[in-house]
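# Commentary on secondary and tertiary structure
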Amino acid sequence: HSPQHNNILIYRNLSVIMASADKTTTTTTERIGPESGTPWIVTSSQLFSILGKENKSTDAILSYRSPATSLRGLVVTTDEPICSLHILLSTESNGGSSSPPSSSTGAAATSAASWHHPDDGLPHTLEHLVFLGSQTHPHKGILDKLANRCMADGTNAWTATDHTAYTLSTAGSEGVINLMPIFADHVLFPTLTDSGFVTEIHHVNGKGENKGVVYCEMQGIENSEGSLVDRATMELLYPSTNNNDGETPVSCGYSAETGGKMANLRKLTVDKVRRYHEEYYTPDNTVLILTGNVESDDFFRALDEVEALILKRQPEKKVENRPGSRVGRPWIQSPIAPFVADGVVGVYPPYSGKDSDASPKPLSVTFPSEDESRGTISIAWRGPHYSSRSTWTHLGLLWEYLSDSAASPLQVAFVENDDPLCAHLGPAQDIFTQGYHQLWFQEVDVDRMENDVIPLFYKVIAEQANGGDAF
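Remember, it's a predicted structure, so these values are computed and weren't measured experimentally. All residue numbers refer to positions counted from 1 along the written sequence of the respective chain. Given that the model is predicted, a residue must reach a pLDDT of at least 70 before its local features are reported, and side-chain atom pairs must reach 80 or more before they are shown or counted; all residues, however, enter totals for whole chains, interfaces and linings. Calculated side-chain values reflect all of the structure's heavy atoms, with hydrogen atoms and water omitted.

## Structural notes on the overall build of the chain
In this text, helices come from DSSP runs of H or I with a minimum length of four residues, and strands from runs of E with a minimum of two, each type numbered from the N-terminal end. Within the chain, the secondary structure is distributed over twelve helices and 17 strands. Working definition: with a 1.4 Å probe on protein chains only, accessible area under 20% of the residue-type maximum means buried, over 50% means exposed, and in between means partly exposed. In the chain, buried positions account for 45% of the 471 residues. Considering only contacts in the chain between residues 6 or more positions apart, those separated by 24 or more positions represent 68%. Each accessible area is a Shrake-Rupley estimate made with a 1.4 Å probe; only the visible protein chains count as cover when residues are assessed. Carbon and sulfur atoms provide 51% of the accessible area of the chain, an area that totals close to 24300 Å². Throughout, a contact is declared for two residues whenever any of their heavy atoms are within 4.5 Å.

This is the structure in structure tokens:
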């Protein structure tokens with residue numbers, strides 16, 4: 001993005017025109033909440049405006065922030081008849097051990113004790129328990145019943161590595177506006193009962209079978225090929241670092257299994273889930289985003305209703321200052337260990353184009369499979385900082401060129417030929433505070449995995465970097 005020129009990005013039939021930085025005007029106003037009395041800070045900017053056929057107004061996107069609770073809201077007005085609500089929270093699973101950097105050294109400090117394991121699955125478990133009722137509506141299933149009456153197909157949610165999202169889509173805006181305060185009540189003030197926790201996690205039927213929804217979900221994927229390889233990859237990309245004392249290990253949440261591992265889920269307690277909710281499901285860590293054919297005034301009234309509920313219940317919600325408690329925004333101040341290649345199995349130094357006598361070895365991961373003659377290879381790299389938008393865009397376009405079609409260089413080299421090395425390959429990426437990009441080779445001939453795949457990959461990349469074709 002050049003600050004001197006307007007840029008037109010055309011990608012998969014989506015055209016977006018971005019206003020140049022030297023002409024951008026940001027408007028900030030104050031608006032009093034009709035129910036909470038909070039003086040909301042309302043921001044609109046041409047950089048955030050949709051300048052296509054749908055909405056040419058500079059108010060197409062408005063952001064709201066409460067100075068009282070730090071709750072945030074974002075409304076995007078389009079011509080779409082389907083209105084979608086996303087309630088997003090930044091969730092981190094690092095063992096509860098990160099603290100802000102030391103003021104004297106700038107290095108990351110750590111609390112005395114970790115109160116949970118990164119693989120306990122607290123973000124995922126809590127996501128399930130939210131739907132079992134709120135303090136105002138303490139009944140399971142009421143959200144979906146109300147959603148169906150509002151011309152929706154129910155509610156949904158997902159847990160990612162660095163966030164948890166709760167979603168709802170309705171035909172028209174009236175239903176989603178009416179449900180937004182009720183949904184937010186479930187997210188911010190769930191019941192989290194002992195019985196609900198046992199039902200969702202530890203439930204065992206009369207035949208001795210595990211029937212807890214969370215446990216069954218993770219049981220189905222924990223020992224799968226993709227999960228085992230990906231977990232090993234993330235642990236190499238984001239290893240544990242040490243505390244300031246040089247001895248205490250500090251886990252990186254980016255390598256955690258946020259869904260939970262079965263051994264950890266079996267030991268999980270509802271008190272840990274309650275503490276996780278207390279620390280991460282806070283107004284300052286929550287944003288409500290509504291898109292579709294919706295009036296911004298309607299969204300603001302519903303958002304202010306959520307604010308009023310929070311202000312009403314804040315005195316009841318006392319947060320204890322315990323060892324390992326979250327301080328500051330999740331992820332922003334969390335330590336990420338330097339990426340060290342020396343002596344670590346599976347970590348390769350930067351490619352130099354020269355053969356080395358001490359060639360690094362890949363990390364081998366075994367998994368159950370009906371066909372032992374085929375395997376999977378994952379190659380991954382640490383990516384740039386999340387603020388490097390142009391670099392991430394360039395990486396995405398590069399991987400599209402290298403692997404998207406049957407005529408792409410990597411596809412021709414590995415798949416579309418008379419002697420294929422694998423049946424499928426494709427890229428993946430996640431943009432964290434420091435993200436990663438990854439290339440998967442699937443259905444690889446086991447006898448050729450170690451000696452053929454990596455050298456051929458380097459050959460193709462070197463040929464493309466030099467402006468030629470490998471084949």
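## A word on the sheet that holds strand 17 (residues 434–445)
Note on sheets: strands pair through backbone hydrogen bonds, and any given pair is parallel or antiparallel. Strands are labelled as partners when DSSP assigns at least two bridges between them. If you walk across this open sheet you meet the three strands as 15-17-16, and the pairing is antiparallel. Edge positions in the sheet fall to strand 15 (374–385) and strand 16 (424–430), since each has one partner strand and no second. Adjacent strand axes in the sheet meet at a mean angle of 15 degrees, parallel and antiparallel pairs treated alike. By the bridge criterion, nine bridges tie strand 15 to strand 17 in an arrangement that is antiparallel. In the strand pairing of strand 17, Ile-377 is matched with Phe-441. The axes are straight lines fitted to the C-alpha atoms, using for helices just the contacting stretch, and the angles between their N-to-C directions are given from 0 to 180°. Where helix 6 (residues 225–237) meets the sheet, it contacts strand 15 and strand 17, and its direction lies at approximately 35 degrees from that of strand 15. Lying on the sheet, helix 10 (residues 389–403) is in contact with strand 15, strand 16 and strand 17; it crosses strand 15 at an angle near 155 degrees.

## Considerations on the sheet that holds strand 14 (residues 286–292)
In spatial order, the strands read 3-4-5-6-14-7-11-10; together these eight strands make up an open sheet with mixed pairing. Pairing within the sheet leaves two strands with one partner each, and these edge strands are strand 3 (26–32) and strand 10 (152–159). Across the sheet, the mean angle separating the axes of adjacent strands is 15 degrees when strand polarity is ignored. Against the sheet, helix 1 (residues 122–129) makes contact with strand 10 and strand 11 (163–171), and its axis sits at roughly 160 degrees relative to strand 10, the strand it touches most.

## Structural notes on empty space enclosed by the protein
To locate leftover empty space, one rolls a probe as large as a water molecule over the atoms. The pocket and cavity definitions rest on a 1 Å grid over protein atoms only: a 1.4 Å probe that fits but cannot leave marks a cavity, an open set with protein on both sides within 12 Å along at least five of seven lines marks a pocket, and residues lining either have an atom within 4 Å of a point. Grid points are joined across faces, edges and corners, and a volume is the space filled by probe spheres set on the points. As enumerated under the stated definition, the model contains two cavities of 30 Å³ or more in all. Here the second largest cavity is characterised by a volume of approximately 40 Å³. Lining the second largest cavity, in full, are Glu-92, Asn-94, Ser-251, Cys-252, Gly-253, Trp-331, Ser-334, Pro-335 and Ile-336. For the lining of the second largest cavity, the residue count by class is four nonpolar, four polar and one charged. Put simply, Ala, Val, Leu, Ile, Met, Phe, Trp, Tyr, Cys and Pro go in the nonpolar bin, Asp, Glu, Lys and Arg in the charged bin, and everything else, Gly too, in the polar bin.

## Let's talk about the pattern of salt bridges
Salt bridges are defined by distance alone: a side-chain nitrogen of Lys or Arg within 4 Å of a carboxyl oxygen of Asp or Glu. Evaluated as defined, the whole model comprises twelve salt bridges. In this structure, Asp-297 engages Arg-31 in a salt bridge whose closest nitrogen and oxygen atoms are separated by 3.1 Å. Here Asp-297 is found in helix 9 (residues 296–313), whereas its partner Arg-31 is found in strand 3, with 266 residues between them in sequence. Look at Arg-31 and you get partly exposed, because its relative accessible area is 29%. Note that Asp-271 and Arg-274 form a salt bridge whose closest N and O atoms lie 3.2 Å from each other. One end of the pair, Asp-271, and the other, Arg-274, are both in helix 8 (residues 270–280), three residues apart, so they sit about a helical turn from each other. Each of Asp-194, Asp-271 and Arg-274 takes part in salt bridges that share partners, so that together they form one network.

## Topic: the packing of aromatic side chains
Pairing of aromatic rings covers Phe, Tyr and the six-membered ring of Trp, with a centre-to-centre limit of 6.5 Å; geometry is then stacked below 30 degrees between planes, edge-to-face above 60, and tilted otherwise. For the coordinates displayed, the defined rule picks out 18 aromatic pairs. An angle of 55 degrees between the planes, with centres 4.9 Å apart, marks the rings of Phe-414 and Phe-441 as tilted. Of this pair, Phe-414 sits in helix 11 (residues 409–414) while Phe-441 is found in strand 17, placing the two residues 27 residues apart along the sequence. Both residues of the pair, Phe-414 and Phe-441, count as buried. The criterion is that NZ of a Lys, or CZ of an Arg, lies within 6 Å of the ring centre and within 35 degrees of the ring normal, and then a charge sits over that ring. When the ring centre of Tyr-215 is taken as origin, the NZ or CZ atom of Arg-266, which lies over that ring, is 4.1 Å away. Lying across the ring of Phe-189, Arg-313 places its NZ or CZ 4.9 Å from the centre.

## Structural notes on the packing of helix 3 (residues 173–188) against helix 9
Each packed pair of helices is defined by two parameters, the angle between the axes and the distance between the axes. Their axes nearest at 9 Å, the elements helix 3 and helix 9 cross at an angle of 30 degrees. Taken as axis vectors, helix 3 and helix 9 run roughly parallel relative to one another. The crossing of helix 3 and helix 9 is right-handed. Packed against helix 3, whose contacting residues are Ile-177, Met-180, Pro-181, Ala-184, Asp-185 and Leu-188, the element helix 9 presents Asp-298, Phe-299, Ala-302, Leu-303, Glu-305, Val-306, Leu-309, Ile-310 and Arg-313 at the interface. Note on angle classes: values under 35 degrees are labelled roughly parallel, values over 145 roughly antiparallel, values of 65 to 115 roughly perpendicular, and the remainder oblique. Crossing handedness is defined as follows: a turn of the near helix away from the far one that is anticlockwise and smaller than a right angle gives a left-handed crossing, while the clockwise case is right-handed.

## Some details on helix 10
Between its first and last C-alpha atoms helix 10 spans 21 Å; for 15 residues at 1.5 Å apiece the expected length is 21 Å, and the two agree. When we look at burial in helix 10, the residues that qualify are Trp-392, Leu-395, Trp-399, Leu-402 and Ser-403. One side of helix 10 carries all its buried residues, which in axial view fall inside an arc of 90 degrees. Along helix 10, the residues that are exposed and aim more than 90 degrees away from the buried face are Arg-389 and His-394. In this scheme, a helix's expected span is set at 1.5 Å multiplied by one less than its residue total. In this context, the arc is that of the directions from the helix axis out to the C-beta atoms.

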